[in-house]
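Chains, contacts and geometry: an overview
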Amino acid sequence: NLTGENQVVRLAEYISDNKVPISSAYSIARAAVRVGKENKLDPLLILAVVEKESTFRVNAASPSRRHHGLMQVDTRIHREKIREAGGFKTAQQQIQVGVAVLLEYVEETGSLRAAMRKYSGGDRMYFADVERRRKKLQRLLATRELMNS
């Protein structure tokens with residue numbers, strides 16, 4: 001159950017291990033859990049996408065400067081989603097927009113795998129890489145749970 005504060009703490013610790021300030025790490029972990037719950041999407045999957053896209057950097061920008069934030073959203077194409085989220089400055093807003101884009105692609109393509117391929121711009125290995133990262137996060141939570149019991 002990823003709603004517990006202890007799970008958020010563990011995820012934030014992992015995120016902060018990537019040279020992210022602990023306050024930002026908590027914001028990212030909480031946002032992934034909250035947005036995941038609201039959209040019935042695994043928060044670990046969201047965090048795996050965030051890790052792959054930005055290494056948990058809120059201010060990340062692609063070399064082309066078209067894709068921004070934690071989930072590397074094309075901010076020119078997805079202006080309406082950004083408006084609906086109330087902006088694109090916070091971890092919550094960035095994850096909300098990125099998940100909205102991903103879910104739109106799931107609806108369009110009919111599967112999470114195909115949606116992720118579209119999200120990545122056609123990368124055939126994207127889903128496998130995200131899934132590998134998600135499983136790593138799952139193992140991390142399970143391991144830390146064993147260590148703390």
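Scroll up to find the structure this text is about.
Residues numbered from 1 in each chain as written. Predicted model: local features only at pLDDT ≥ 70, side-chain atom pairs only at ≥ 80, totals over all residues. Heavy atoms only, no water.

A separate point is unusual backbone geometry. Positive phi is not limited to glycine here, since Lys 19 has a value of about 60°. By the secondary structure assignment, Lys 19 is in the loop between α1 (5-16) and α2 (22-39). The phi dihedral of Lys 40 falls on the positive side, at around 55°, and the residue is not glycine. Relative to the assigned elements, Lys 40 resides in the loop between α2 and α3 (43-54). The class for Lys 40 is exposed, based on a relative accessible area of 79%. (Helix = DSSP H or I, 4+ residues; strand = E, 2+ residues; numbered from the N terminus. Buried < 20%, exposed > 50% of the residue type's maximum accessible area, 1.4 Å probe, protein only.)

Now for the nonpolar core. Taken as a class, soluble globular proteins show a tendency for nonpolar side chains to be buried jointly. By size, the foremost hydrophobic cluster in this structure holds 44 residues, and its most contacted members are Ile 15, Ile 28, Met 71, Ile 95 and Tyr 119. Secondary structure elements with two or more residues in this core: α1, α2, α3, α5 (91-109), α6 (112-119) and α7 (126-147). (Core = buried A, V, L, I, M, F, W, Y, C linked by side-chain atoms within 4.5 Å.)

Attention now moves to α5. Its 19 residues give α5 an end-to-end C-alpha distance of 27 Å, which sits within 8% of 27 Å, the value for a rise of 1.5 Å per residue. Within α5, the full set of buried residues consists of Ala 91, Gln 92, Gln 93, Gln 94, Ile 95, Val 97, Gly 98, Val 99, Val 101, Leu 102 and Tyr 105. Two residues or fewer after α5 comes Gly 110, characterised by a positive phi angle close to 90°. (Expected span 1.5 Å × (residues − 1).)

Attention shifts here to the packing of aromatic side chains. In total, this model carries 3 aromatic pairs according to the counting rule given. Between Tyr 105 and Tyr 119, the aromatic rings sit 6.4 Å apart at their centres with planes inclined by 65°, giving edge-to-face as the arrangement. With Tyr 105 in helix α5 and Tyr 119 in helix α6, this residue pair connects regions lying 14 residues apart in the sequence. What makes Tyr 105 buried here is its relative accessible area of 12%. Note on Tyr 119: relative accessible area 13%, which makes it buried. Here Tyr 119 and Tyr 126 contribute two aromatic rings whose centre-to-centre distance is 6.5 Å and whose plane-to-plane angle is 40°, an arrangement assigned as tilted. Residue classification places Tyr 126 among the buried residues on the basis of a relative accessible area of 2%. Grouped by ring-pair contacts, the aromatic residues Tyr 105, Tyr 119 and Tyr 126 constitute a single cluster. (Phe/Tyr/Trp six-rings, centres within 6.5 Å; stacked < 30°, edge-to-face > 60°.)

By themselves these figures say nothing about function.
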